[in-house]
Every structure is written in structure tokens, then in C-alpha cells.
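# Structure at a glance
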Amino acid sequence: MQLHPHTGSPTRHQDTFGRRSGHRAGRLAGAAAALALAVGLGPLTTGPAAHAADNPYERGPAPTTSSIEAVRGPYAVSQTSVSSLSVTGFGGGTIYYPTSTSDGTFGAVAISPGYTAYESSIAWLGPRLASQGFVVFTIDTLTTLDQPDSRGRQLLAALDHLTERSPVRNRVDASRLGVMGHSMGGGGSLRAAKLRPALQAAIPLTPWNLDKTWPEVTTPTLIFGADGDTIAPVSSHSEPFYSSLSSSLDRGYLELNSATHFTPNSSNTTIAKYSISWLKRFVDDDTRYEQFLCPLPRPSLTIEEYRGNCPHGS
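## Section: the nonpolar core
Leu-129, Met-180, Phe-224 and Leu-279 are the most contacted members of the largest nonpolar core, which has 37 residues in total. Listing elements by their share of this core, those giving two or more residues are β4 (106–112), α3 (125–130), β5 (134–139), β7 (201–205), β8 (221–226), β9 (251–256), α7 (269–282) and β10 (303–308). For this core, the element with the highest residue contribution is α7, accounting for seven residues. The contacts of Leu-129, once residues within four sequence positions are left out, are Val-109, Ile-111, Phe-134, Val-136, Met-180, Ile-276 and Leu-279. With 36 residues, the next largest nonpolar core counts Val-135, Leu-155, Leu-249 and Tyr-253 among its residues.

## Section: the side chain of Glu-290
Turning to its location among the elements, Glu-290 is positioned in the loop between α7 and β10. Its relative accessible area of 2% is what places Glu-290 among the buried residues.

## Brief notes about the packing of aromatic side chains
Scanning all chains against the criterion turns up six aromatic pairs. A ring pair is formed by Tyr-274 and Tyr-306, whose centres lie 6.4 Å apart and whose planes are at 50°; its orientation type is tilted. Here Tyr-306 lies in strand β10 and Tyr-274 lies in helix α7, a separation of 32 residues in the sequence. A single burial state applies to Tyr-274 and to Tyr-306, both of which are buried. When the centroid spacing of 6.1 Å and the interplanar angle of 55° are considered together, the rings of Tyr-289 and Phe-292 count as tilted. Like Phe-292, Tyr-289 is buried. Residue placement shows Lys-280 over the ring face of Phe-134; its charged tip is 5.1 Å from the ring centre.

## Overview of the confidence of the model for the protein
In this model, the protein carries an average pLDDT of 88, and 83% of its residues clear a pLDDT of 70 or more. Strand β1 (residues 16–17) is the least confidently modelled element of the protein, averaging 40 in pLDDT, while β7 averages 99, the highest of any element. Segment residues 1–47 is flagged for pLDDT under 50; beyond a separation of four residues in sequence, or across chains, it makes 100 contacts in the model.

## Quick look at helix α5 (residues 184–195)
In this model α5 runs 16 Å from its N-terminal to its C-terminal C-alpha over twelve residues, within 8% of the 16 Å that 1.5 Å per residue would give. α5 sits mainly inside the fold: ten of its twelve residues count as buried. For α5, the complete set of buried residues consists of Met-184, Gly-185, Gly-186, Gly-187, Gly-188, Ser-189, Leu-190, Arg-191, Ala-192 and Ala-193. Looking at the buried positions of α5, the neighbouring elements they touch are β4, α4 (148–164), β6 (172–182), β7, β8 and α6 (238–244).

Definitions and limits used
Residues numbered from 1 in each chain as written. Predicted model: local features only at pLDDT ≥ 70, side-chain atom pairs only at ≥ 80, totals over all residues. Heavy atoms only, no water. Core = buried A, V, L, I, M, F, W, Y, C linked by side-chain atoms within 4.5 Å. Buried < 20%, exposed > 50% of the residue type's maximum accessible area, 1.4 Å probe, protein only. Helix = DSSP H or I, 4+ residues; strand = E, 2+ residues; numbered from the N terminus. Contact = heavy atoms within 4.5 Å. Phe/Tyr/Trp six-rings, centres within 6.5 Å; stacked < 30°, edge-to-face > 60°. Lys NZ or Arg CZ within 6 Å of the ring centre and 35° of its normal. pLDDT = per-residue confidence, 0-100. Expected span 1.5 Å × (residues − 1).

In C-alpha cells:
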């Protein structure tokens, strides 16, 4: 791959835990919700079909650390292959979806692989996220050499296929959609969020893009960087991407500890845990998951640092 890293140091914000401390104050309502969860006043639901009366989008039982770190969540999952010959605008892929029909529709997320990679490189996210109550579309791109802008448009084409023509379209709430992607697919997820502000969540994974500034993005965005990434170094990719997002946006930056550019290509509990929490919080408006995002996660064996806005206002 031809790389064009920028070498300037990113602006340091005061919403950082880790190498930089402090976090931004947020809405009192969000703080109250987080406090209620912390002291055990959250919903006392026990099964996948249980819904909180004040949020019709909640899916599944009240979460715990162990439940979101588990390899599989509470939902049984089925999958269906989508041939590249049956679609336009992207290269086909695999749809993973909860088998339950008792909970109504689910939010959905499309996921793009990176440069030279195939769907198989991000396939582990399909069943892992779907088992938590999402319809997940892991896709192939038109060619493995497609650039981030193209991958962004392909993510949107995949979501359109999922909600309009796929065999599981009746299981998807078309108003609750998100995008994810690795490397150039991560850069593509930023592009998709810019092109379609109605998206509810974006999660770039060790993203690569020549465009370093994304002030137009209004979609809640969680960026994963890796401290050992030499292909998309955080100093010239993930950190400037995060810093360029509006300070009023619900945003997060999680830098993985002892990780590389390719860490998102294998099953990873930290990536899964915080991706699930972000998707639940913003695609499903499920404040039960605020507890895993606020207060900001602290450095650990797997987290080098975390920056973000707390509590969340969306």
C-alpha cells in the first residue's frame, strides 16, 4: 500500500483518560441515567423479549460486563449469503441476524473490510454483534483495491440492499442504522457518515484515509486506533480524525494497547465490548449501556487510552 502519513501532532483535548486526563461535562439527564445504572436502578429485565416501557428499541436483557464480553450474546443467530451477482453498488456479503421474531425489528450495521482484504477478514464481527440484537451485514467490496470514498458509498449501498431488497428486510428498522469498517473500510465508514447524516453510529477500526478532517460528521462516532499501527499510525490517522470531529458530537477514541493495524481482523473482546456498547447506546438509544462508556474507560492491559464526551447527549 502507498501511504501518505501526515506528521503533525494532533491537538490534545481535555476529554481524555490515559495519557491525558479529564473529561467534558454533559447533560444532567444523561448523568442521572448513568447514576441510576451505577446504583442498580436500571431495568430488571431477564430475557431477550423484555423491553423497557420508555424505550421501544431496547433489545435483550439488562447488560453486564460479562454479557458484553461474551463471545455470544443472548440471541440465537442465523446467516444468509448475498451473491455479488444479485446486488449493485457493492460486492455482496453475508447477513447475520437474530432468529427471534418476538422482539420486532432490529437495528442494523454494515461492515467493510480494508485494502486488499475480503469479507472474511471482518467476518468474526457478524455473529458476535448479531447475537447481541443487531442485523449485521459484512460485505465484500467491488474490488479489493477500492479506496475509502468508494468503500463509504458501498457501505451505504449495502444498507440500502439490506433494508429494501434483502430476505431479512422485514427484520430491520431502516431508521436505526450504523456503519463500521477496517483500515480503508474504516476511512470509508467516516465517508458514509458524512454522506448520510441519518446514520445513528459509525465505528472506524484502525482507519486509513487521506482526508484527515471530518467536521461535517454528525453521526456519533467511536474510533479505534492501535498503538503499534505502522500502516495507519494513530498520529496521522485515528487521532486527527477524532480531533477533527465536532466537540459537541458524541464521539470516542479508544487506542488499543499492544495492538497492530490488523488487530481488528481477529476476534477481540475489547473491540467487541465497546462496539456493542456504542451500537446499543446510539442505534438502539439504550442508556443501559452508558455505564460501559461513561465514566470514560481507563487504561488497562488492552486500552492504551480513551478519549470521549461524557455523559452522552444523543
